[in-house]
Amino acid sequence: PMVVSSMRNEKLGMRNSCDKREQLSLLKLPSEARIMNKVNNGEVMLEEIYERLQITDYRLQIIESEELVELEKEIEAENLMVNRVILEEIERRREEGWMIAFISDMYLDAEFLSKILMREGCMKEGDRLFVSCEWGARKDTGELYDVVRRELKPTEWWHWGDNHRSDIEMARRKGVNAVWVDAKYTDAERGGTLCGYQRAARMMFGDDTFVTMAADFVAPAYVPYISWMLKQSTGVSRLYFLSRDSYVLMKGAEELMDYYPNIELRYLFVSRKSLFLPYLACNVSAEQMLSVMDKRTLYSKRVDELLRMLGTDREELKGMGIEFAYTKIENRAIEADFLTKIFDGEYRSLLIERAQEARELLLRYFEQEGVMDDVERQMVDVGWLGTTRLMINAILDSVGVRRVGFFYYGVRGDVFGDECGEYETYFQAGELSTMATALIENYFSASPYPTTVGYAYANGGKVMPIFPKGEQFCETEITKANCVAVALLTKWVYEFGFSEGQLRQWAMEQLHKMIDLIVRVDLMPLAVASEFDNTSFVRKMSRKELVQFAFLGAHITAFDKASLALTVGYRFMPY
């Protein structure tokens, strides 16, 4: 029984304190085991456990055993949930006309368990339930199967269960057709801080590879951030979740709005691309452009991509007598040539005009979405450098609108400081590796929305985001699994009141397991994710690439360790 370890009763003076729940479970369980060994050949009901339990902790002595029993049942009822795979099997068999019976080695009574089974859609009127503590017989000895056969007299009998001895071996000894159900923990769930919650979410949504990745890694990474961010939002009236990275974060936060009725959640279509031209309108210069570039340089950037950000292309510039003999910025000389041609050439006046038009359109979008309102608002992003914060606040500054603060998941060591607008971050600089950044941006933050590249007026004068040509809202197996797992686990974790310390430990544990591949992970979902910064994210390496990676230290994919595991298998991984 888990009750004292899960109890949330104010009489105990521990309201949702998981540390104390842990201590109390240790006090109870050894005594419980001794009682079960002494009573009725190991068969004992919950009421008998509490009647015989010698409670020495003063926090529990003030509570009658009957109340402890009811509290345990209350918590059990909150925690128990259906295994979707088994529910589907039950429904198939029911449609075929089979009689359904449930058999359990359990200290909880049949009346209580029947209510749970019916609530979860497993049990219907006319089904039978046999519980060991009421019949004085157990599955693991085979005696409960004798009881069921005597009571129901089946002509054909199939039994599904997840315990090799009780459900399979003993059932077959008694002439029952037994089918083993794989309900075990994944390697990533073993020994984790909240592994039971991960497993429950995984099994609830079908236990496929995408759901497994979401429940074991994505949700543990993001749920603690969502919980922290909302608790930090005291006095905030509106939270803006920035497209695309924050889509899954908003889905989690939506589950907690009953706890935060004074906070409004909104989704804001912005990106570095959609903000760049409006930002440039504040000061059309090479210095302004470089100020929002990583390391303040154009090095390694592709010319065509830079031109798109600047609202032009090679063909238009060629008509103005501006040409580039290179496709990529590979050194300082090429960078200087590019900047001179853009900011000191014939295109400059047209650039100023387009930047100002883009800023006016963006400001209309901000006004439409309430960003300009005089309310306490905060923006939610994944983070790292803070380029979006710099650009948004510079644009707001240019029209005298109060700046907006940001919540970040994590930041780099060279993150833009508070002079670009205030921010709070869940993980400090240096706490997350570069690989964590790639994993979070490329997979954990997958969104059904494409990147916002600009804005345009629609019918009725409303400003709408523009996406790259041919791209539109599209849910994938990755986005669906991430959203349902994050939403469900956010709700569960918050309801059971885990401390911020425990949630942070959970996030760090699972990120470490994923990034360092210290457990076996089905990497197929990561291989589906296409690329990160124009580089393959995870894929099988060719023999040549494998040699280059292993012996020459070449960087082949964004997540080389996962690509290596996918290529050679976990047996040959060099740990």
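Worth saying up front: this structure is predicted, and the values here are computed from it rather than measured.

Novice: What am I meant to see in the confidence of the model for the protein chain here?
Specialist: When pLDDT is low, close inspection of the predicted coordinates is not appropriate. Model confidence for the protein chain is summarised by a mean pLDDT of 87, while 88% of its residues fall at 70 or above. Note that residues 1-31 has pLDDT below 50 and, in this model, 75 contacts with residues that lie over four places away or in other chains.

Novice: Help me understand the nonpolar core in this model?
Specialist: Nonpolar side chains in soluble globular proteins tend to be buried together. Core analysis: the largest hydrophobic core is formed by 147 residues, its most contacted members being M289, F338, Y409 and F537. For this core, the element with the highest residue contribution is helix 12 (residues 209-231), accounting for 16 residues. V82, Y107, I116 and V131 belong to the second-largest nonpolar core, a separate cluster that totals 18 residues.

Novice: Can you walk me through the pairing of strand 4 (residues 177-180) in this structure?
Specialist: Each regular strand displays side chains that alternate between the two surfaces of the sheet. The pairing of strand 3 (residues 158-161) with strand 4 spans 4 bridges and is parallel. Opposite W160, over in strand 4, you have V179 as the bridge partner. Crossover strand 3 to strand 4 through helix 10 (residues 164-173) is right-handed.

Novice: Help me understand the pattern of salt bridges in this model?
Specialist: Pairs may arise between side chains of opposite charge once their charged atoms sit close together. If you walk through the whole model with that rule in mind, you get 36 salt bridges. Residue D127 pairs with R94 through a salt bridge whose shortest N-O separation is 3.0 Å. One end of the pair, D127, is in the loop between helix 7 (110-119) and strand 2 (128-131); the other, R94, is in helix 6 (residues 84-95), and 33 residues separate them in sequence. A relative accessible area of 12% means that D127 is categorised as buried. As a salt-bridge pair, K480 and E477 come within 3.5 Å of each other at their nearest N and O atoms. Taken together, the residues span about one helical turn, with K480 and E477 both in helix 22 (residues 477-495) at a distance of 3 residues. Residue K480 is classed as partly exposed on the basis of its relative accessible area of 37%. Here the salt bridges share partners, and the residues they tie into one network are E89, R92, R93 and E96.

Novice: Help me understand a nonpolar patch on the surface in this model?
Specialist: Taken together, the side chains of V547, F551 and L552 make up a nonpolar region of the molecular surface, amounting to roughly 370 Å² of accessible area. With respect to the helices and strands, the residue F551 is situated in helix 25 (residues 543-552).

Novice: Explain the packing of helix 14 (residues 272-280) against helix 19 (residues 347-368) here, please?
Specialist: Any two packed helices are characterised by the angle at which their axes cross and by the distance between the axes. At a minimum axis distance of 7 Å, the contact between helix 14 and helix 19 shows a crossing angle of 120°. As for the relative orientation of helix 14 and helix 19, their crossing is left-handed in sense. Along the contact surface, helix 14 presents L275, L277, P278 and L280, while helix 19 presents L351, A355, A358, R359, L362 and F366.

Novice: Please clarify how the pairing of strand 2 should be interpreted in this entry.
Specialist: Pairing of strand 1 (residues 101-104) with strand 2, which is carried by 4 bridges, proceeds in the parallel orientation. Across the sheet, A101 pairs through a bridge with R128, a residue of strand 2. Following the backbone out of strand 1, through helix 7 and into the adjacent parallel strand 2, one traces a crossover that is right-handed.

Definitions and cut-offs
Residues numbered from 1 in each chain as written. Predicted model: local features only at pLDDT ≥ 70, side-chain atom pairs only at ≥ 80, totals over all residues. Heavy atoms only, no water. pLDDT = per-residue confidence, 0-100. Contact = heavy atoms within 4.5 Å. Core = buried A, V, L, I, M, F, W, Y, C linked by side-chain atoms within 4.5 Å. Buried < 20%, exposed > 50% of the residue type's maximum accessible area, 1.4 Å probe, protein only. Helix = DSSP H or I, 4+ residues; strand = E, 2+ residues; numbered from the N terminus. Pairing = 2+ DSSP bridges. Right-handed = clockwise from strand over helix to strand, strands pointing away. Salt bridge = Lys/Arg side-chain N within 4 Å of Asp/Glu carboxyl O. Patch = residues over 30% accessible without salt bridge, like charges linked within 9 Å, V, L, I, M, F, W, Y side chains within 5 Å. Areas by Shrake-Rupley, 256 points an atom, 1.4 Å probe, with all protein chains shown as cover. Axes fitted to C-alpha atoms, helices over the stretch in contact; angles between N-to-C directions. Left-handed = near helix turned anticlockwise from the far one by under 90°.

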